Amino acid sequence: MVQQHPARPRVTVTRTLPDGTQARMSELFDAVLNPDDHAMDRAELAAAMADTEVFVPTVTDRIDADLIAGAGERLRLIANYGAGIGHIDLKAARARGILVTNTPGVLSEDTADLAMALILAAPRRLAEGDKLVRAGQWTGWAPTAMRGHRIGGRKLGILGMGRIGQAVAARARAFGLQIHYHQRQRLPGVLEAQLGATWHDDVDSMLAAAEILTIHCPHTADTDGLIDARRLDLLGPDGWLINTARGEIVDPEALVQALVNGRIAGAGLDVYVGEPAVDPRLIPLDNVVLLPHLGSATFEGREAMGAKVIANIRSWVDGHRPPDQVFEGWL
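Labelled according to an unreviewed UniProt entry, the protein chain appears under the name 2-hydroxyacid dehydrogenase, originating from Sphingomonas canadensis. Regarding the protein chain, the relevant UniProt record gives this comment under Sequence similarities (unreviewed entry): "Belongs to the D-isomer specific 2-hydroxyacid dehydrogenase family."

Next up, the structure:
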């Protein structure tokens, strides 16, 4: 029997979404929006979850077991605006009978584009060159000025070969990089051949082979601090680290020390521990490119995310399983 839910449920959104998404939500649901786009504090999150059928958080909202335990009985769906769901306690949600959905697939190409941009920007010193010109300190072309490193022929290690990792591999191969990857489940041989990718059954083996590491795995208890000082040393003084996944996957102190002391050549970062704070020791370093979490920041991607959120809610309203339901073992 199909379970029916309120035809026009209250849907509470924690951040300001694209205009088209919010307009459509207001047409379909009793939408409670966040017009000034402030990041809700814990008390505001708790109050919102206490009085809504559908809750729409983003990556900036940590929805832990205590918040879920205190949610109102009306709450039956957490429709996350974003693909990553490491900020939501799935076990606690399941215990309360609350479904969780996300927005997979629509951000892969945008995030892969940004990762590839950082793979180019860090070794070629693009950010450093931009600063030089803007500061009026560029004195003209010279044979030995602003030399970076050639990308073609280098070995790219991809940590996590899901949708985004595969999209990065396809781009990187076009630039002449050799693809190495690690994830627990090996890709089918046909896909490996298509991407020109070599599988490593452990992280250390891949890092020993790689000259550039790009991270595309989820943040979980197993991946928290996975790239530590020892593994950065495996990457070595001629290696670069690119992170467009989650800041917590890399040990922040180890990364700063490796950059400062030349134990790796450089980094390209789009994510950080404790965002929006950025370790102040990173700011003056010329060997790191710093971006403000731009991975999915395209007009097209953000609109597509909103469309998926709405589709998940509408499916739930009709009593069907949402197409992007996340299960506890998803990570």
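K.L.:
Kindly report on the overall build of the protein chain, identifying the contributing residues and their values.
P.N.:
Per the secondary structure count, the protein chain includes twelve helices and 13 strands. For the protein chain, whose C-alpha radius of gyration is 22 Å, the value lies close to the compact-globule estimate of 20 Å for 331 residues. Its C-alpha atoms give the protein chain principal-axis dimensions of roughly 70 × 50 × 30 Å. By residue count, 47% of the 331 residues in the protein chain fall in the buried class. Residue pairs in contact within the protein chain that sit at least 24 positions apart in sequence constitute 61% of those at least 6 positions apart. By element, 54% of the accessible surface of the protein chain is carried by carbon and sulfur atoms, the whole surface being about 15,900 Å².

K.L.:
Please provide a residue-by-residue account of the pairing of strand β11 (residues 266-269), values included.
P.N.:
Here is the key point about a regular strand: its side chains alternate between the two faces of the sheet. Alternating positions in β11 separate into two faces, Gly-266 and Gly-268 on one and Ala-267 and Leu-269 on the other, with burial throughout. Here strand β10 (residues 240-243) pairs with β11 via four bridges, running parallel. Residue Leu-241 lies in a different strand from β11, and its bridge partner there is Ala-267. Each parallel crossover has a hand, and the one from β10 via helix α11 (residues 252-260) to β11 is right-handed. Two strands pair when backbone bridges link them, and β11 and strand β12 (residues 288-290) are joined in this way by three bridges, in the parallel orientation. Bridged to Leu-269 within β12 is Leu-290.

Calculation notes
- One numbering rule holds for all chains: residues counted from 1, following each sequence as written.
- Only residues with pLDDT of at least 70 are given local features in this predicted model, and only at 80 or more are side-chain atom pairs given and counted; all residues enter the totals for whole chains, interfaces and linings.
- Excluded from the side-chain calculation are hydrogens and water; included are all heavy atoms of the structure.
- UniProt positions are given in the numbering used here, feature names are shortened, and annotations may be inferred rather than shown by experiment.
- By definition, any uninterrupted DSSP run of H or I lasting at least four residues is a helix, any uninterrupted run of E lasting at least two residues is a strand, and each is numbered from the N terminus.
- As defined in this context, the radius of gyration uses C-alpha atoms, and a globule is described by 2.2 Å times the residue total to the power 0.38.
- Only protein chains enter the accessibility calculation, which uses a 1.4 Å probe. A residue is then buried if its area is under 20% of the maximum for its type, exposed if over 50%, and partly exposed in between.
- Contact definition: two residues touch when any of their heavy atoms are within 4.5 Å.
- A 1.4 Å probe and the Shrake-Rupley method give the accessible areas. Residues count as covered only by the protein chains that appear here.
- For two strands to pair, DSSP has to find at least two bridges joining them.
- The definition of a right-handed crossover adopted here requires that, viewed with the strands pointing away, the path from the first strand over the helix to the second runs clockwise.

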